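Architecture and fold: a report
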Amino acid sequence: MMDHVLHPRTLEPRDWATILFIVAFILVAIAKSFFETRFNEYLRLIVSDKYVKVYRDSSNLMSGFTIVLFVVQLLSLAFFVQLILSYFGYVQKTDWIVFTQILTFLMVFVLSKFLIEKIIATAFSIEEFTEQFNLQKVSYRTYIGLLLLPIDIILFYNDNPSKIIILLIIVIVLTINMLTYLVSLKNYQNFLLGKLFYFILYLCALEIAPYYFMYYWFTKS
């Protein structure tokens, strides 16, 4: 007679992620409902720069539309970072505490960087340029966040993603991010040539050093 041994089946809690994905889509729906014309222009950002030309005023940096999409970007990016770390065996992708830590770190990093930029821009008398430049970067990066959202969902609920696909997504995201940054620089090349020294200081202090220290901290820890 055969003895049957029952093993408990451990189910990974994913409800918190499902709720956050729903929240992200609700925020996108709110942006579309309250800013329909602007949202439609924004969706064409990948093929046209009309949006950044029309909404280039620095006041748009703190508008409701930008803030809503910025929150979506943070959620999307935090999920993406956790999924990548999970794939390489550093964390569990279903651990909501890890997600909270990543999200908090991203918020503190971005907001701290923004405040330091404001201080430096005031010191160098380039406030208008910095705000417009940041607005363009935020526009492109929130767009990348929107594109990452469905990818996050697929990767989160797929327990065996292909290594090639994961690496390809990472390369594509980094490439798009670099290209959008170069596009932003190109749009302000005339201004930058006039204040090249200040911009080099700005670039080293706020666009290179923070990411280098973050990479150094992560690899050492």
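The residue numbering used here restarts from 1 in each chain and proceeds along that chain's sequence as written. This being a predicted model, a pLDDT of at least 70 is required before a residue's local features are given, and a value of 80 or more before pairs of side-chain atoms are given or counted; all residues contribute to the totals for chains, interfaces and linings. Values reported for side chains reflect all heavy atoms of the structure, with hydrogen atoms and water molecules removed beforehand.

So, on to the packing of aromatic side chains. Geometrically, a pair of aromatic rings is defined through the distance of the ring centres and the angle of the planes. Ring pairs shown here join Phe, Tyr and Trp side chains whose ring centres sit within 6.5 Å, with only the six-membered ring taken for Trp; geometry is labelled stacked below 30 degrees between planes, edge-to-face above 60, and tilted in between. Taken as a whole, this structure holds 17 aromatic pairs when the rule is applied. Ring centres 5.3 Å apart and planes at 45° place the aromatic pair Trp16 and Phe99 in the tilted group. A residue pair is termed long-range when its members are at least 10 positions apart, and Trp16 in helix H1 (residues 15–34) and Phe99 in helix H5 (residues 96–124) qualify at 83 residues. The class for Trp16 is buried, based on a relative accessible area of 14%. In this structure Phe99 comes out as buried when scored by relative accessible area, which is 3%. Both rings, one in Phe21 and one in Phe156, keep their centres 6.0 Å apart while their planes meet at 75°; by these two values the pair is edge-to-face. A residue pair is termed long-range when its members are at least 10 positions apart, and Phe21 in helix H1 and Phe156 in helix H6 (residues 127–157) qualify at 135 residues. By definition, any uninterrupted DSSP run of H or I lasting at least four residues is a helix, any uninterrupted run of E lasting at least two residues is a strand, and each is numbered from the N terminus. Only protein chains enter the accessibility calculation, which uses a 1.4 Å probe. A residue is then buried if its area is under 20% of the maximum for its type, exposed if over 50%, and partly exposed in between.

Here we take up the nonpolar core. Tyr42, Leu45, Tyr51, Phe65 and Phe99 are the most contacted members of the largest nonpolar core, which totals 43 residues. For this core, the elements supplying multiple residues, two or more each, are H1, helix H2 (36–43), helix H3 (50–54), helix H4 (64–87), H5, H6 and helix H7 (163–187). With 13 residues, the single largest contributor to this core is H4. We call two residues in contact whenever any of their non-hydrogen atoms come within 4.5 Å of each other. For Leu45, the residues in contact, after removing those within four places along its chain, are Tyr51, Val52, Ser139, Tyr140 and Tyr143. Among the buried residues, those of types Ala, Val, Leu, Ile, Met, Phe, Trp, Tyr and Cys that are joined through side-chain atoms within 4.5 Å form a nonpolar core.

The subject of this paragraph is H1. By definition here, a helix of n residues has an expected span of 1.5 Å times n minus one. An ideal rise of 1.5 Å per residue puts 28 Å on 20 residues; H1 measures up with 29 Å between its terminal C-alpha atoms. Along H1, the residues classified as buried are Trp16, Ala17, Phe21, Ala24, Leu27, Val28 and Ala31. Around the axis of H1, the buried residues are gathered within 140° of arc, so they sit on the same side. Relative to its buried face, H1 has exposed residues pointing more than 90 degrees away, namely Asp15, Ile19, Ser33 and Phe34. Directions pointing from the helix axis toward each C-beta atom define the arc.

On the secondary structure map, Arg38 appears in helix H2. Sequence-distant contacts of Arg38, that is, excluding residues within four places in its chain, are made with Tyr51, Tyr55, Asn60, Ser63, Phe65 and Thr66.

Let's shift gears to the environment of Tyr51. Structurally, Tyr51 is set in helix H3. Sequence separation between Tyr51 and Glu41 is 10 residues; the distance between their C-alpha atoms is 5.7 Å. With sequence-adjacent residues up to four places away left out, Tyr51 is seen in contact with Arg38, Glu41, Tyr42, Leu45, Phe65 and Ser139. Here a polar contact is taken to be a pair of N or O atoms separated by no more than 3.5 Å, where protein atoms must pair a possible hydrogen donor with a possible acceptor and residues adjacent in sequence count only if both atoms sit in side chains. Polar contacts involving the side chain of Tyr51 include one to the side chain of Arg38, which spans 3.1 Å.

What follows deals with the confidence of the model for the protein chain. On average, the protein chain scores 79 in pLDDT, and the residues at 70 or more come to 75%. Scored from 0 to 100, pLDDT reflects the predictor's confidence in each residue. The least confident element of the protein chain, judged by mean pLDDT, is helix H8 (residues 189–194) at 62; the most confident is H1 at 92.

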